[in-house]
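Read off the chains here:
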Amino acid sequence: DARVTQTPRHKVTEMGQEVTMRCQPILGHNTVFWYRQTMMQGLELLAYFRNRAPLDDSGMPKDRFSAEMPDATLATLKIQPSEPRDSAVYFCASGLVRTGVPEAFFGQGTRLTVV
Amino acid sequence: DQQVKQNSPSLSVQEGRISILNCDYTNSMFDYFLWYKKYPAEGPTFLISISSIKDKNEDGRFTVFLNKSAKHLSLHIVPSQPGDSAVYFCAASGGASYDKVIFGPGTSLSVIP
């Protein structure tokens, strides 16, 4: 049963600390997305990779957030330094355009709390 | 500036009746539209999609209608069931970033038994 795996599921950290969230996309998928779920914005796109190349990270606060794909099996989202306003659920999704449908498959999310 | 809008944050419907969830978009380059369903503490899951060359797509109790001229789509659920209670996200993609999926803010549907 192929699925996107995110770790950790929950993270509580103090303001100013570095946070790293990890994602293992579904094998064979060529796109990876990082989304942040907030009450006001819904699912806000932070970063988007195709074939491991970053195509769009305009939704990400550049001074503190960074997203990378060291290899095809791992995507990371880092926040340094973290702030209380970063508290949210962060979702990773992977996708493959099949029969024209750009379907994205989501992980279960990382719930981040910055105190 | 949100490219995909869902103006109703919440909707309450009686079991057995029709649920209609609405979505508007601003980017005329979008040519594929998707609906996702999300339960608490889970990731969103794909529900149904529609290409811009169609105006209707049906899958069981779920039907999506697309009005390109109005840049509007809607998801109809008939009949609504308590298990349909979830947050529904409208999403879109298109143009050069054909595989980049942009989501709306979501509508929380409650189906009352």
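Above: the structure in question.
Here the structure is a predicted model, which is why all the values come from computation and not from measurement. Throughout, a residue's number is its position along its own chain's written sequence, starting from 1. Key to labels: chains lettered from A, ligands numbered from 1, both in the order written. The model is predicted, so local features are restricted to residues of pLDDT at least 70 and side-chain atom pairs to those at 80 or more, both for listing and for counting; the totals for chains, interfaces and linings are taken over all residues. Side-chain measures here rest on the full set of heavy atoms in the structure, leaving out hydrogens and waters.

Novice: Got a minute to help me understand the overall build of chain A in this structure?
Specialist: Helix and strand assignments come from DSSP, with helices taken as H or I runs of at least 4 residues and strands as E runs of at least 2, each series counted from the N terminus. Each helix and strand in chain A was counted, giving 0 helices and 11 strands. The order of helices and strands in chain A, counted from the N terminus, is β-β-β-β-β-β-β-β-β-β-β. Here the globule rule is a power law, 2.2 Å times the number of residues to the power 0.38, and the radius of gyration is based on C-alpha atoms. Against the compact-globule benchmark of 13 Å for 115 residues, chain A has a radius of gyration of 14 Å, which places it among compact chains. Counting only C-alpha atoms, chain A reaches 45 × 30 × 30 Å along its principal axes. Only protein chains enter the area calculation, which uses a 1.4 Å probe; residues under 20% of their type maximum are buried, those over 50% are exposed, and those in between are partly exposed. Out of the 115 residues in chain A, the part that is buried amounts to 47%.

Novice: Hey, could you run me through the pairing of strand 7 (residues 65-71) of chain A in this one?
Specialist: Consecutive residues of a regular strand have side chains that alternate between opposite faces of the sheet. All names here are of chain A. The pairing of strand 7 with strand 8 (residues 74-79) spans 5 bridges and is antiparallel. For serine 66, the partnering residue across the bridge sits in strand 8 and is lysine 78. Note on pairing: DSSP must find at least two bridges between two strands before they are called paired. Turn length for the strand 7-strand 8 hairpin, with the two strands adjacent in sequence and antiparallel, is 2 residues.

Novice: Explain the sheet that holds strand 8 (residues 72-77) of chain B to me, please; I cannot follow it from the model alone.
Specialist: Within a sheet, neighbouring strands are paired by backbone hydrogen bonds and run either parallel or antiparallel to one another. All names here are of chain B. On the basis of which strands lie adjacent, the open sheet formed by 5 strands has the order 1-3-8-7-6 and antiparallel pairing. Where the open sheet ends on each side, the last strands, each with one partner, are strand 1 (4-5) and strand 6 (56-59). Across 4 bridges, the pairing between strand 6 and strand 7 (residues 62-67) is antiparallel. Bridge pairing links aspartate 59 to phenylalanine 62 in strand 7.

Novice: Looking at this structure, how should I read the sheet that holds strand 1 (residues 5-7) of chain A?
Specialist: Residues and elements named next belong to chain A. As summarised here, the arrangement of the 4 strands in space is 1-3-8-7, forming an open sheet in which the pairing is antiparallel. This sheet does not close on itself; its edge strands, each paired only once, are strand 1 and strand 7. Taking the axes of each pair of neighbouring strands and ignoring which way they run, one obtains an average angle of 20° across the sheet. Fitting a line to C-alpha atoms yields each axis, with helices limited to the stretch in contact; the angle taken between N-to-C directions then spans 0 to 180 degrees.

Novice: Would you explain the environment of Pro61(A) in this entry?
Specialist: Residues and elements named next belong to chain A. Its place among the elements puts proline 61 in the loop between strand 6 (53-56) and strand 7. Using a relative accessible area of 26% as the deciding quantity, one classes proline 61 as partly exposed. When the C-alpha atoms of proline 61 and leucine 46 are compared, they prove to be 8.4 Å apart, with 15 residues separating the residues in sequence.

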